[in-house]
Amino acid sequence: MDFNMKKLASDAGVFFTRAVQFTEEKFGQAEKTELDAHFENLLARADCTKNWTEKILRQTEVLLQPNPSARVEEFLYEKLDRKVPSRVTNGELLAQYMIEAANDFGPNSPYGKTLIKVGETERRLGGAERDFIHSASINFLSPLRNFLEGDWRTISKERRILQNRRLDLDACKARLKKAKAAEAKAAAEHELRMAQTEFDRQAEVTRLLLEGISSTHVNHLRCLHEFAEAQATYYAQCYQYMLDLQKQLGSSRGEMLPGTFVGNAESTSPPPATASPTTIAAGAATGPAVPIIPVVPTVIGAPNSAPAVEALNPSDVKPPASGTRKARVLYDYEASDSTELSLLSDEMITVYSLPGMDPDWLIGERGNQKGKVPVTYLELLS
């Protein structure tokens, strides 16, 4: 007990001496041993690395899990060294609701069929999101977190020790200056040599750790590449899933929505035979912004009626004298039948519409080729 009390008193004395030295330095009343410029640059670089790593880590966590409550829950599970429970993604939950709704509405109804198709795509999107989050957590977040909780803590600890060694060294220098008697000077010089040795040894240890920041940057660079690749894979999967869904919905839209123009077959709601071109054009003004070419339609099944839009074959359509537009293709599109025109991204084609057509489709021409094309795959140009 006596030994512990002596040690406690000694530690308290050292702490007080350091506090006095630090205060005098702040007020300019004591000299301070300065570190060399290279060492100061290493310290600044380490601080910069730590600060930006923390910010990148926090924001990446927000990107992967926008829900603050879920992030807190995952943090607690991690600190308790317990496995984080599997969490359903928003896309998977939406898919579940859509499929359950389709079963209630009738899976064979037009709305039910579409809900199932969209729901299955949302489920695939949710699965892709889950894979991306898992990959990013392992390959990017974990290395950043390991640096902050491992290497940086070690660096911080050694820097604090170095700071104490420097304060002890400067305190010894101050005592040597104040010493008058020969014995006091000799004792102060001995303490100074010991303090200088301890300071030099600790400075070398800290320097080696700070120089290891370069290796940390190399490791984080590799992790950053893996994060970018995982994100690119995720977005590519999402893009492909949505293209597939868009094609499914586009090719089956006529089956799903009654009264639409599909496959250039007969329209279920043709305009009256007595309607004039002016009336038809005026009625179409509330539809898509694509210019409508006035064509006098005929009633389906009426005697002596000439072939009209309802029996349209795109290969037989004559381009109108006016009302055509240029369009740039945004994505590749593969024709599902002979009435459609396959497209390549970034190519330019001529498009126009005819009365009675599904507003989601246009007639497209490329050289001698002609066929229906989906509007969503095009950028209409003036």
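Coordinates for the structure precede this section.
As a starting point, this report considers the structure included with it. (Residues numbered from 1 in each chain as written. Predicted model: local features only at pLDDT ≥ 70, side-chain atom pairs only at ≥ 80, totals over all residues. Heavy atoms only, no water.)

### Brief notes about the pairing of strand 2 (residues 348–352)
Here is step 1: In terms of residue burial, strand 2 counts as a mostly covered element, since four of its five residues are buried.
Here is step 2: Where strand 1 (residues 325–329) meets strand 2, four bridges bridge the pair, whose relative direction is antiparallel. Pairing of Lys326 across the sheet is with Thr350, part of strand 2.
Here is step 3: As judged from the three bridges shared by strand 2 and strand 3 (residues 361–366), these two strands associate in the antiparallel manner. Its bridge partner lying in strand 3, Val351 is registered against Gly364. (Buried < 20%, exposed > 50% of the residue type's maximum accessible area, 1.4 Å probe, protein only. Helix = DSSP H or I, 4+ residues; strand = E, 2+ residues; numbered from the N terminus. Pairing = 2+ DSSP bridges.)

### Comments concerning the layout of surface pockets
Taking a probe equal in size to a water molecule and rolling it over the atoms shows the remaining empty space.
Here is step 1: There is about 1400 Å³ of room inside the largest pocket.
Here is step 2: Gln65, Glu74, Ile133, Ser137 and Leu141 are, among the 42 residues lining the largest pocket, the residues nearest its centre.
Here is step 3: For the lining of the largest pocket, the elements supplying multiple residues, two or more each, are helix 2 (37–64), helix 3 (68–79), helix 5 (110–178) and helix 7 (213–256).
Here is step 4: Of the residues contributing to the lining of the largest pocket, the split by class is 17 nonpolar, 10 polar and 15 charged. (1 Å grid on protein atoms, 1.4 Å probe; cavity = no way out; pocket = protein on both sides within 12 Å on 5 of 7 lines; lining within 4 Å. Points joined across faces, edges and corners; volume = space filled by probe spheres on them. Nonpolar A, V, L, I, M, F, W, Y, C, P; charged D, E, K, R; others polar.)

### Details of the packing of helix 2 against helix 5
Here is step 1: Following both chains from N to C, one finds helix 2 and helix 5 inclined at 150°, their axes separated by 10 Å at the closest point. As the angle between them shows, helix 2 and helix 5 are arranged roughly antiparallel. Taken as a pair, helix 2 and helix 5 cross one another with a handedness that is left-handed. (Axes fitted to C-alpha atoms, helices over the stretch in contact; angles between N-to-C directions. Parallel < 35°, antiparallel > 145°, perpendicular 65-115°, else oblique. Left-handed = near helix turned anticlockwise from the far one by under 90°.)

### A closer look at the environment of Arg166
Here is step 1: Examined against the element boundaries, Arg166 turns out to sit in helix 5.
Here is step 2: Taking the C-alpha atoms as reference points, Arg166 and Glu34, separated by 132 residues in sequence, lie 9.1 Å from one another.
Here is step 3: Apart from residues lying up to four places away in sequence, Arg166 is in contact with Glu25, Lys32, Thr33 and Phe199. (Contact = heavy atoms within 4.5 Å.)

### As for unusual backbone geometry
Here is step 1: Even without a glycine there, the phi angle at Asp346 is positive, about 75°.
Here is step 2: Looking at where Asp346 falls in the secondary structure, it is placed in the loop between strand 1 and strand 2.

### Topic: the packing of aromatic side chains
Any aromatic ring pair is given by two values, namely how distant the centres are and how the planes are angled relative to each other.
Here is step 1: A full pass over the atoms with the stated rule returns 10 aromatic pairs.
Here is step 2: Judged by centre distance (4.7 Å) and plane angle (20°), the ring pair of Phe140 and Phe227 falls under stacked. Placement of Phe140 in helix 5 and of Phe227 in helix 7 is noted, with a sequence separation of 87 residues between them. Just as Phe140 is buried, Phe227 falls in that class too.
Here is step 3: Pairing Tyr234 with Tyr235 gives two aromatic rings, centres 5.2 Å apart and planes at 40°, and the pair type is tilted.
Here is step 4: Clustering of aromatic rings is evident, with ring pairs tying together Phe132, Phe140, Phe227, Tyr234 and Tyr235.
Here is step 5: Above the face of the Tyr333 ring, Lys247 is positioned so that its terminal group lies 5.8 Å from the ring centre. (Phe/Tyr/Trp six-rings, centres within 6.5 Å; stacked < 30°, edge-to-face > 60°. Lys NZ or Arg CZ within 6 Å of the ring centre and 35° of its normal.)

### Considering the pattern of salt bridges
Here is step 1: One pass over the structure, following the stated rule, counts 16 salt bridges.
Here is step 2: Linking Arg166 and Asp170 is a salt bridge whose minimum nitrogen-to-oxygen distance equals 2.7 Å. Of this pair, Arg166 and Asp170 both sit in helix 5, four residues apart, roughly one helical turn.
Here is step 3: Residue Arg166 is classed as buried on the basis of its relative accessible area of 4%.
Here is step 4: Residue Arg328 is joined to Glu379 by a salt bridge in which the shortest nitrogen-to-oxygen separation is 2.8 Å. Separated by 51 residues along the polypeptide, Arg328 in strand 1 and Glu379 in strand 5 (residues 378–380) bring together distant segments of the chain.
Here is step 5: Three or more residues are tied together by salt bridges with common partners; here these are Arg165, Glu198 and Arg201. (Salt bridge = Lys/Arg side-chain N within 4 Å of Asp/Glu carboxyl O.)

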